[in-house]
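What the coordinates show
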Amino acid sequence: MNVDKIREDFPILKRTVHGKPLIYFDNAATSQTPQIVIDTIVDYYSNYNANIHRGVHTLSQEATDKYEEARIKIQHHFNAKNAFEIILTSGTTHSINMVASGFSSLLKKGDEIIVSALEHHSNIVPWQMLCEKTGAILKVIPMNLEGSLQMDVYHNLVNEKTKLVFCNHVSNALGTVNPIEEIIEKAHQFGAAVLIDGAQATPHIKPDVQALDVDFYVASAHKLCGPTGVGLLYGKEEWLQKLPPYQGGGEMIATVSFEKTTYAGLPHKFEAGTPNICGGIAFGAALDYMNSIGFDNIATYEEELLHYGTSELLKIEGLKIYGTTAEKTAVISFNVGKIHPYDIGAILDKLGVAVRTGHHCAQPIMDFYKIPGTIRASFSFYNTKEEIAIFITALKKAVLMLS
Ligand SMILES: *Cc1c(COP(=O)(O)O)cnc(C)c1O
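Residues numbered from 1 in each chain as written. Predicted model: local features only at pLDDT ≥ 70, side-chain atom pairs only at ≥ 80, totals over all residues. Heavy atoms only, no water.

The next point concerns the nonpolar core. Formed by 104 residues in total, the largest nonpolar core has its most connected members in Phe334, Phe381 and Phe391. Looking at which element gives the most residues to this core, the answer is helix α10 (residues 277-293), with 11 residues. Mapping this core onto the domain boundaries places at least three of its residues in each of domain 1 (3-26 + 294-402) and domain 2 (48-291). Excluding anything up to four places from it in sequence, phenylalanine 334 contacts Leu313, Leu319, Lys320, Ile321, Tyr322, Thr374, Ile375, Phe391 and Leu395. Counting residues in each nonpolar core, the second largest holds 25 residues, with Ile96, Ala100, Phe103 and Leu195 among its members. (Core = buried A, V, L, I, M, F, W, Y, C linked by side-chain atoms within 4.5 Å. Buried < 20%, exposed > 50% of the residue type's maximum accessible area, 1.4 Å probe, protein only. Helix = DSSP H or I, 4+ residues; strand = E, 2+ residues; numbered from the N terminus. Domains from an automatic or database assignment. Contact = heavy atoms within 4.5 Å.)

Okay, structure coming up:
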C-alpha cells in the first residue's frame, strides 16, 4: 500500500487549518472523499441529472442504469444474495428507523428486544420508541471495563420472548469489535431477528451478510469515502417481505386508487419518493475505490497506526485510554488527568489537528465510566505515523498549557 500515492487522491488533505497542515483524525465521524468520488458527483450533475425509473428519455435511462449498477456494486460488496435485498436509504439512522417502524406491527406486549450497552444514540432511541408503542420490553447487554460486552449475560438474556437483537459491529466510541457471529447464532436459536449496525465497521471490515447469516445490516456511505445522505439497509428477503412499507409516496406503489393501493415489490416498496440518485451512484464509486486499495491492506495498515498511536499516547503522564480490548479498530478514546476533553480539542484544532471530543453519541458508555466525554482520535488508511507524531507533540503542548 502506497500511502503517499493514496493521499494524492484526497484534495482536502492539502489544505491548512489555522496556518497548519490539516491532520484529520475524525474519521469515525465521517471519512474524507477521494477525487474519483467527487468526479462521479460532478459528472452526474454535469451530464445525466434526471429522475429515475420513470422517464423514457435518454438521461433518465442513463441515471436509472447507473443507480441500479450502484445497487449491484453494493450487493456484491456485502455479498447479499439478491440486489433487491439492498434498500438505499439516507444512512444508518434512517435504515434503523425503517426496521424499528416495520417491527411495530410485528411485536406485542411482553415481547423482548435486546440492545447492547455499547450503542450509538441512533441505535437506542428508535427501540425505546418501539417499546413505548408496542409494550415490548428493552433489555441491555452490559459492558465490561475494558469496553467489551458481557457475553455470558447475553446468553442468559435471550429466550422465547426475544424478538429482536440489536448491536453495532464496531463501537464508534471505543472501537471495540463485537462478537456478532456469536450474537447472531444465539438469537437464531430462539427465532429472533438480528440487526447489526455496521456504520463503524464498514470502513475497516468487508462484511459478508450471507456468511454472517444476519437478518439486517446497515451502514452509511459517508464513513466509507462516499457522500453524506446515503446508506443502505440490507435485509434478508423473507424479512423485507414481512415488514410493511415505511413511507407512502411515489416509487413504492404498484397501483393506486382511492379504494386500495398495492405496493411495489422489493426494493421499491421501501424506497418512496425520489432517492439520493447522485449519492447512490457515488456510493458505488466509493466502494470501487476502497476495494481497489483492498480491505485486507487497509486493516493491516490501520492496525499499525493503532499500535503506534496507542504506545506513544500511553507515554503521556495521566493519560487513560477507554476501550482496551484486543479486537478493536483504529479508534483511540482517551482523557488526560482531569482536563476537560473540549479544552484539549480546541487547542489541538488551533494546531491543525481535528479530533472529536464529547460523548460521541454514546452517553451511556460515558456514564458507565463516570466521565463527561473523551477525546477521540480515529485513523484512516490515508493517515500516517508522521501525522500521529505531530499530533502527540501538539497534545503534549495542550496538556502543558492546561495543567
Ligand atoms: C455514525 C454512526 C451511526 C449514525 O450514522 P448516520 O450516518 O449519522 O446515520 C450509527 N451507529 C454507529 C456505530 C455510527 O458510528
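Here the narrative resumes, following the displayed structure.
The subject of this paragraph is the domain arrangement of the protein. Each domain of the protein was delimited in the assignment, giving domain 1 (3-26 + 294-402) and domain 2 (48-291). Each of domain 1 and domain 2 was reduced to a C-alpha centroid, and the two centroids are 29 Å apart. Summed over both partners, the interface of domain 1 with domain 2 buries about 2400 Å², with 63% contributed by carbon and sulfur atoms. When residues of domain 1 are sorted by the area they lose upon contact with domain 2, Phe295, Thr329 and Ile365 head the list and together hold 27% of the total. Where domain 1 packs against domain 2, one counts 13 residue pairs in polar contact (both at pLDDT 80 or more). Sorting the residues of the side of domain 1 that touches domain 2 by element identifies α11 (295-313), β14 (331-336) and α13 (363-369) as the ones contributing at least two each. Looking at the side of domain 1 that touches domain 2, the element that brings in the most residues is α13, giving 6 residues. (Buried area = accessible area lost by both parts, 1.4 Å probe. Polar contact = N/O pair within 3.5 Å; in protein donor to acceptor, adjacent residues only side chain to side chain.)

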